[in-house]
Amino acid sequence: VRLWRCRCRALLSLPDGRLRARRGLAAESEMHFGFQTVTEEERREKIYQVFESVAKKYDVMNDSMTLGVHRVWKDILVHKMNPSPGTLLLDVAGGTGDIAFRFINYVHSVQERQLQRKLKHQQNLSWQEIFESYQKDKFNSLGDSQVVVCDINREMLKVGKQKAQHLGYSDGLSWVLGNAEELPFDNNKFDVYTIAFGIRNVTRIDLALQEAYRVLKPGGRFLCLEFSHVSNPLLSRLYDLYSFQVIPVLGEVIAGDWKSYQYLVESIRQFPPQEELKAMIEDAGFFKVDYENLNFGIVAIHSGFKL
């Protein structure tokens, strides 16, 4: 007992920095990788290996696991964002480009509607003037909008760049290798920050949220699309059965990788529920934080503003 008291007094007498360091070491030894307990460094390395392994089959597996519904969820995220021409978007953990391509398409359509409205109200324009207006729009169809895709995994970025080239996306799109917990961007730079199915795979969610807040401009918006917690007990049991009995099998059959998809299922169960994540986003400094459940809470979109 005396020895324990001495150690407590010694710990309390340490400078704050050293005390935080010891707390950090304690926290590091208790991190989760799925249902495993690992150190912070082990978790970071294991998650990197998971996405390096699944990158080439990532899109096919997403379609197989969700029966294609992930596409609808991503569409809803971008419609909720409602970007206008001139928007500067940072999409974190977006290596395969799904959100970036939708953003570009959305801004294209907004720009096109604006041009049509303008021409409709100028009935006396000549054919040559209309033609020139469309040609000008063709070369500035994003209205100075840009999307920066940032991902920590080189293989995921490689897949995204290949998709962009194949689909013909180039203008207003850039790719950056970077860690969500230590973003390589200046303060107050972006209008919108998105992270879709990525935040549960960062090592420290709190640091990722602080970085999101730092790089957003005042008035900027944070949007997170992520698997969440189903509130309906019957649906939750069916969802668990599908997740643990079907998804790893699909991973083995389609991607030749049972373990990675077993981890992805487990990581969803370890992820904070909707209200807890909302509180974490508020703790990072965001205001007007709310969330929208999709498909009974299988996924949720969290939103917040930097004011």
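Structure shown above.
What counts, and at which threshold
Residues numbered from 1 in each chain as written. Predicted model: local features only at pLDDT ≥ 70, side-chain atom pairs only at ≥ 80, totals over all residues. Heavy atoms only, no water. Helix = DSSP H or I, 4+ residues; strand = E, 2+ residues; numbered from the N terminus. Buried < 20%, exposed > 50% of the residue type's maximum accessible area, 1.4 Å probe, protein only. Contact = heavy atoms within 4.5 Å. Areas by Shrake-Rupley, 256 points an atom, 1.4 Å probe, with all protein chains shown as cover. Phe/Tyr/Trp six-rings, centres within 6.5 Å; stacked < 30°, edge-to-face > 60°. Lys NZ or Arg CZ within 6 Å of the ring centre and 35° of its normal. Pairing = 2+ DSSP bridges. Axes fitted to C-alpha atoms, helices over the stretch in contact; angles between N-to-C directions. Left-handed = near helix turned anticlockwise from the far one by under 90°. Core = buried A, V, L, I, M, F, W, Y, C linked by side-chain atoms within 4.5 Å. Right-handed = clockwise from strand over helix to strand, strands pointing away. Arc of directions from axis to C-beta.

The number of helices and strands found in the protein is 13 helices and nine strands. Buried positions account for 45% of the 307 residues belonging to the protein. Put simply, of all contacts in the protein between residues at least 6 apart along the chain, 75% involve residues at least 24 apart. If you sum the accessible surface of the protein, you get close to 16600 Å²; carbon and sulfur atoms cover 53% of it.

A few words on the packing of aromatic side chains. Inspection of the entire model under this criterion finds eight aromatic pairs. Measuring from ring centre to ring centre gives 6.0 Å for W73 and F227, while their planes differ by 90°; the resulting arrangement is edge-to-face. Taken as a pair, W73 in helix 5 (residues 69-81) and F227 in strand 7 (residues 216-227) lie far apart in primary sequence, 154 residues in all. Using a relative accessible area of 13% as the deciding quantity, one classes F227 as buried. Clustering of aromatic rings is evident, with ring pairs tying together Y193, Y213, F222 and F286. Across from the ring centre of Y239, 4.7 Å away, lies the NZ or CZ of R269, which sits over that ring. The lysine or arginine in question, K306, covers the ring of Y213, its NZ or CZ lying 4.9 Å from the ring centre.

Now for the environment of V78. Note that V78 resides in helix 5. Placed 21 residues apart in sequence, V78 and I99 show a C-alpha to C-alpha distance of 7.3 Å. Excluding its chain neighbours within four sequence positions, the residues that come into contact with V78 are P83, I99, R102, F103 and Y106.

Through backbone hydrogen bonds, the strands of a sheet pair up, either in parallel or in antiparallel fashion. Taken together, the seven strands give an open sheet; going across it, the order is 5-4-3-6-7-9-8, and neighbouring strands pair in mixed fashion. Each edge of the sheet is formed by a strand with only one pairing partner; in this case those strands are strand 5 (173-177) and strand 8 (287-294). This sheet shows a mean twist of 15° between the axes of neighbouring strands, independent of strand direction. As paired elements, strand 6 (residues 190-196) and strand 7 share six bridges and run parallel to each other. Bridge pairing in strand 7 places T194 opposite L223. Strands strand 3 (88-92), strand 6, strand 7, strand 8 and strand 9 (299-305) of the sheet are contacted by helix 5, whose axis makes an angle of about 165° with strand 7.

What follows deals with the packing of helix 11 (residues 247-255) against helix 12 (residues 258-270). Axis separation between helix 11 and helix 12 bottoms out at 7 Å; the angle between their running directions is 145°. Between helix 11 and helix 12 the crossing geometry is right-handed. Taking contact as the criterion, the partners of I247, P248, V249, G251, E252 and A255 in helix 11 are, on helix 12, W258, Y261, Q262 and V265.

Side chains that are nonpolar tend, in soluble globular proteins, to be buried together. W73, V147, L173, L225, F227 and V299 are the most contacted members of the largest nonpolar core, which has 34 residues in total. Broken down by element, the residue count for this core peaks at eight residues, all from helix 6 (residues 98-120). In contact with V147, other than residues within four places in its own chain, are L89, D91, A100, F103, I104, G172, L173 and S174. Membership of the second largest hydrophobic core comes to 27 residues, among which are L88, I199, I205 and F271.

Pairing analysis gives five bridges linking strand 4 (residues 146-151) to strand 5, with the strands arranged parallel. Pairing of D151 across the sheet is with L177, part of strand 5. In terms of handedness, the path from strand 4 via helix 8 (residues 154-167) over to strand 5 forms a crossover that is right-handed.

Attention shifts here to helix 4 (residues 58-66). Restricting attention to buried positions, one finds in helix 4 the residues Y58, M61, N62, M65 and T66. The buried residues of helix 4 all sit within an arc of 110° when viewed along its axis, so they share a single face. For helix 4, the secondary structure elements touched by its buried residues are helix 3 (40-54), helix 5, helix 8, helix 10 (233-245), helix 11 and helix 12. Just downstream of helix 4 lies L67, where phi reads positive at about 55°.

Turning to helix 11, a few remarks are in order. Taken as a whole, helix 11 has its buried residues at I247, P248 and G251. The arc that holds every buried residue of helix 11, seen down its axis, measures 105°, which confines them to one face. Once helix 11 finishes, G256 follows within two positions and takes phi at roughly 65°, a positive value.

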